Amino acid sequence: MEKRKLQNQVALFEKFSVDGTIVKMGEYGSGHINATYLVDVDENGKIEQYIFQQVNTDIFIDIDQLMQNIAGVTSYLTKQIEARNGDPKRETLQVIPTREGKNFYRDEDGQAYRVYRFITDATSFDAVESPKDFYESAVAFGNFQYLLSEYPAETLYETIPDFHHTGKRFQAFCEAVKADSCGRAASVQKEIDFVMERAKEMTFLTDLLEKKELPLRVTHNDTKLNNIMIDNATGKGICVIDLDTVMPGSSLYDFGDSIRFGANTAVEDEQDLSKVSLDLDLYEIYVKGYLEGCKGSLTDLEVELLPMGAKMMTLECGMRFLTDHLQGDTYFRIHRVNHNLDRCRTQFALVADMEKKWDEMQAIVKKY
Ligand code: ADP
Ligand code: GN1
Ligand code: MG
């Protein structure tokens, strides 16, 4: 995706139904997919803030469908939150329409843009700074799952088909190794071997979903810690953001991806692999919070397989980073040479550590 220049972004922001003068606009956040800006607008002397995004149209093919999903989910959540006397302006994303009443704007080159109300007085963390934040994020992601448990899943479009079908991700990986389009395969043989040694495990979760032994639910599918806003005053997980991948999926994807990102003792792109490990205390805190947030809605098998969710999501994500490295970094935004390779290595180091701590991971789940 080619990012537009900032001065063009100002003109694009003016397509949206916001009345006031833009006083500040700058790049914001550390997502890997969209181009995100924070915009300060003077509205009759009061500064209001908005998130303005150029949505990644290389990755999300059908923005109409993507925004219909988001509009559907956020208006449903608004009702759920109101019924519980919450504040929907802070507890769910709010889409700001264009002046023509559409939920996104497409420019003449086919690039897509949207605006959300900025969630004020809250923080999205790139790493766990206190165990309490991680616990609160678990409750919030569990609660998100719970609030959407009656949502008509059949009305949701699959914005990225087979997003967490690890078996299909593995096939794509094998094709990337074979094609070796950038001539990088020989230099990452160790990482390729790591994947191949686990080839048999790739379809573990999807087999159970296909056999209906695991239920298909409406899930978030990208439950990184920085996709949740933690309220600065109360420390509660106030709002789940980044709803691009809300689709039918498994609760194990949501649980697993949170562990992958948040219970790692190192950041996702750490280069010193000796710093990478699974923090069992954080893992336990998350198990507790997630189960509380889900309010008893998970089946016994889902609970039993939580450790497997963590391992599969970490393995899959590492494999996706490696695939992108082999294909020349066309998917995840990189900020340095070999960035995706570094990200892949942390994921595999974490998988290896989970395998070592497997019995403890299972024992913790049994406790709850
Ligand atoms: P990406 O798909 O690239 O990760 P996100 O939608 O997650 O994009 O946005 C990137 C970052 O921008 C988030 O991690 C968060 O810090 C910030 N952000 C996004 N939406 C909001 C919002 N409505 N209010 C406050 N911060 C937001
Ligand atoms: C991407 O959008 P963001 O940065 O929250 C990716 C996730 C990966 C994650 C790895 C749509 O998440 O699937 O797990 O990077 N999102 C998409 O950090 O591919
Ligand atoms: Mg994000």
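Note that the structure is predicted; figures quoted are calculated from it, not measured.

Scanning the model with the defined rule gives 22 salt bridges in all. A salt bridge links Lys275 to Glu270; the shortest N-O distance between them is 4.0 Å. One network of salt bridges, with partners in common, ties together Glu197, Arg198, Glu201, Lys311 and Glu355.

Neighbouring ligand 2 are 18 residues; His32, Lys224, Glu268, Arg320 and Tyr331 lie closest to it. Within the side chain of Asp242, a nitrogen or oxygen atom sits 3.0 Å from an oxygen atom of ligand 2. Relative to its free-state accessible area of 440 Å², ligand 2 is covered by the protein chains to the extent of 97%. Every element with two or more residues in the shell around ligand 2 is listed here: α8 (251-262) and α11 (306-326). Of all the elements, α11 adds the most residues to the shell around ligand 2, at 3 residues. For the shell around ligand 2, the residue count by class is 7 nonpolar, 4 polar and 7 charged. Counting contributing residues per domain, the shell around ligand 2 is built from domain 1 (3-120) and domain 2 (131-367), each supplying no fewer than three.

Moving on, we come to helix α12 (residues 339-356). For α12, which comprises 18 residues, the first-to-last C-alpha distance of 26 Å matches the rise-based estimate of 26 Å (1.5 Å per residue) to within 8%. Burial analysis of α12 places 13 of its 18 residues in the buried class, the great majority of the element.

The rules behind these values
- Within any chain, residue numbers begin from 1 and follow the written order of that chain's sequence.
- The lettering of chains begins at A and the numbering of ligands begins at 1, in the order of writing.
- With pLDDT at 70 or above as the cut-off, local features in this predicted model cover only qualifying residues; side-chain atom pairs require 80 or more to be listed or tallied, and sums for whole chains, interfaces and linings still use all residues.
- Side-chain figures throughout are based on the complete set of non-hydrogen atoms in the structure, without hydrogens or water.
- Between Lys or Arg on one side and Asp or Glu on the other, a salt bridge is scored when a side-chain nitrogen of the former is within 4 Å of a carboxyl oxygen of the latter.
- Any residue with a non-hydrogen atom lying within 4 Å of a molecule or strand is treated as near it.
- Each polar contact in these results corresponds to two N or O atoms within 3.5 Å; when the atoms are within protein, one needs to be able to donate a hydrogen and the other to accept it, and residues that are neighboring in sequence are counted only if both atoms are side-chain atoms.
- Per-residue and other accessible areas were derived by the Shrake-Rupley procedure at a 1.4 Å probe size, with only the shown protein chains allowed to occlude residues.
- Per the convention used, a helix needs a DSSP run of H or I reaching at least four residues, while a strand needs a run of E reaching at least two, with both numbered from the N terminus.
- Side-chain classes follow a simple rule in which Ala, Val, Leu, Ile, Met, Phe, Trp, Tyr, Cys and Pro form the nonpolar group, Asp, Glu, Lys and Arg form the charged group, and the remainder, Gly included, forms the polar group.
- Note that the domain bounds reflect an automated or database-derived domain assignment.
- An expected span of 1.5 Å times one less than the residue number is assigned to each helix.
- Classification of residues uses two cut-offs on accessible area relative to the type maximum, computed with a 1.4 Å probe and protein chains only: under 20% is buried, over 50% is exposed, and between them is partly exposed.

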